[in-house]
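# Coordinate inspection notes
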Amino acid sequence: MKILINRTDALGDTILTEPIAALLRLKFPEADIRFLISPISAPLFENHPYVDGVFLYKKKSSLLNRIKNLGNILSEFKPDIYIFAGGDQFVSFYMWLKRIDKRAGLISKLPSFLFLNYGVRQKRSLVTMHESEYNLGLLRGLGIVHDINNEFDLSPKISINKEQKQASIELFKTSLKDEGLDPTLGNIFIHPGMTGHTLNWSSRNYGRLIDKMENRFPNKFNWIISHTASDQQYLVGLRDHVEKTLHLHNKVYFFDGGLNGLRDYMNVLSSADAFIGPSTGTTHIANVLGVKTIGIYSPIKVQSTLRWSPYNRDEDKLRLVIPDVVCGEQFKCAGNSCPYYECMSKVEVQDIMNELIDLLNLEK
């Protein structure tokens with residue numbers, strides 16, 4: 001049996017779709033299970049324990065290129081079951097056109113009503129469960145029901161090669177040394193950037209957090225500010241604070257994760273002491289890698305931790321911080337008309353500092 005799962009959007013969404021593959025592997029141990037994904041997500045699936053492979057798909061490329069791409073995929077791998085979990089709806093049309101027998105997945109917009117014959121209707125905007133649970137629910141159309149009382153491991157996985165990890169870390173330590181940092185210290189990662197329209201914490205607050213931590217626990221950590229080219233707007237306040245604070249000049253390293261690619265970034269991140277970030281893909285990656293993580297989340301309903309928290313919710317490794325407000329908004333911030341605007345500023349630097357100290361047992 002061949003199964004193709006379409007999830008051609010962001011990193012975090014793709015990670016939270018992996019439990020589908022895990023459940024399918026339990027149901028069909030001999031199946032060939034593959035993902036159709038955005039190229040950025042490919043490193044997530046290298047040497048994956050229950051996903052046999054991936055096909056890359058650029059949903060923003062021209063229609064002709066997408067048709068050619070899908071044609072090449074089906075010439076190599078014609079699935080018995082196609083599952084639409086998110087991304088480009090055109091893929092579902094193409095699978096219908098090519099008469100793929102079972103076309104399952106999320107029924108939401110008109111194309112999915114037309115082209116999925118084993119689909120499941122869901123109103124995810126109601127936010128009654130976690131994104132991974134919504135995704136597992138898509139298998140109901142195929143007669144596969146997830147029993148939450150069954151204790152089997154459906155968690156997302158990322159395989160790290162020990163030799164590659166060591167090589168990445170050695171290169172990283174050289175970069176730290178070249179920038180005047182001490183490579184023997186522990187590393188705390190901060191990723192202030194994000195995609196989409198989710199509310200975010202102030203960039204300058206991350207700088208203040210580093211400042212306060214260095215005053216309290218001097219010369220204990222390097223502070224690694226991870227980013228990609230698209231994150232520059234989220235670095236401005238942080239960078240300005242660091243540049244104006246003399247005792248931070250050899251403590252902070254701006255690490256461009258795009259230079260050597262996501263696989264190299266994950267190799268380095270996997271050895272971090274802690275990770276701090278908003279609701280974004282790298283926060284989910286840190287969580288899957290088992291790194292102690294602090295996630296700073298919006299109170300808006302569709303952006304909430306109920307739906308978008310990292311999958312592994314072990315309190316010893318994950319802390320979620322949300323503004324202490326009663327937010328009545330479902331889809332987006334009400335702006336100046338809201339009595340709590342701007343609510344993300346109600347998350348104090350000391351709040352994050354307290355969580356980090358507790359998470360790392362720094363006072364023991």
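Residues numbered from 1 in each chain as written. Predicted model: local features only at pLDDT ≥ 70, side-chain atom pairs only at ≥ 80, totals over all residues. Heavy atoms only, no water.

In this section: a nonpolar patch on the surface. A surface patch of nonpolar side chains, amounting to about 320 Å² of accessible area, comprises Leu110, Phe113 and Leu114. On the basis of relative accessible area, Leu114 is assigned to the exposed category, the value being 53%. (Patch = residues over 30% accessible without salt bridge, like charges linked within 9 Å, V, L, I, M, F, W, Y side chains within 5 Å. Areas by Shrake-Rupley, 256 points an atom, 1.4 Å probe, with all protein chains shown as cover. Salt bridge = Lys/Arg side-chain N within 4 Å of Asp/Glu carboxyl O. Buried < 20%, exposed > 50% of the residue type's maximum accessible area, 1.4 Å probe, protein only.)

Our next topic: the side chain of Asp88. Take Asp88: it is sitting in the loop between β4 (81-86) and α4 (90-97). In this structure Asp88 comes out as buried when scored by relative accessible area, which is 10%. Not counting chain neighbours up to four residues away, the residues in contact with Asp88 comprise Asn6, Thr8, Tyr57, Lys59 and Arg66. (Helix = DSSP H or I, 4+ residues; strand = E, 2+ residues; numbered from the N terminus. Contact = heavy atoms within 4.5 Å.)

Taking burial as the measure, the 5 residues of strand β9 (residues 252-256) include 4 buried ones, the bulk of the element. For strand β8 (residues 221-227) and β9, the ladder comprises 5 bridges, and the chain directions are parallel. Among the inter-strand pairings, Ile224 is bridged to a residue of β9, identified as Tyr253. In this fold, the crossover linking β8 to β9 by way of helix α9 (residues 236-243) has right-handed handedness. (Pairing = 2+ DSSP bridges. Right-handed = clockwise from strand over helix to strand, strands pointing away.)

Before going further, it helps to spend a moment on the nonpolar core. Counting residues in hydrophobic clusters, the biggest one holds 69 residues, and the most contacted among them are Ile5, Leu24, Leu44, Ile83, Phe189, Leu269 and Ile285. For Leu44, the residues in contact, after removing those within four places along its chain, are Leu11, Thr14, Ile15, Lys157, Ile158, Leu262, Met266 and Ile285. By size, the runner-up hydrophobic cluster in this structure holds 34 residues, among which are Leu209, Ile210, Ala274 and Met353. (Core = buried A, V, L, I, M, F, W, Y, C linked by side-chain atoms within 4.5 Å.)

Enumeration according to the criterion identifies 0 disulfides in this entry. Distance from the sulfur of Cys327, which forms no disulfide, to the nearest cysteine sulfur (Cys338) is 6.2 Å. Overall, Cys327 belongs to the partly exposed group, its relative accessible area being 27%. (Disulfide = S-S within 2.5 Å.)

A separate point is the packing of aromatic side chains. What describes a pair of aromatic rings is the distance from one ring centre to the other and the angle between the planes of the rings. Throughout the structure, instances matching the rule amount to 16 aromatic pairs. Ring centres 6.2 Å apart and planes at 70 degrees place the aromatic pair Phe221 and Trp223 in the edge-to-face group. Of the two residues examined, Phe221 and Trp223, each falls in the buried class. Among the aromatic side chains, those forming a connected cluster through ring pairs are Phe90, Phe93, Tyr94, Trp96 and Phe115. Positioned above the aromatic ring of Phe90 is the side chain of Arg66, whose terminal nitrogen or guanidinium carbon lies 5.2 Å from the ring centre. In this structure, Arg239 packs its charged tip against the face of Phe254, placed 4.1 Å from the ring centre. (Phe/Tyr/Trp six-rings, centres within 6.5 Å; stacked < 30°, edge-to-face > 60°. Lys NZ or Arg CZ within 6 Å of the ring centre and 35° of its normal.)

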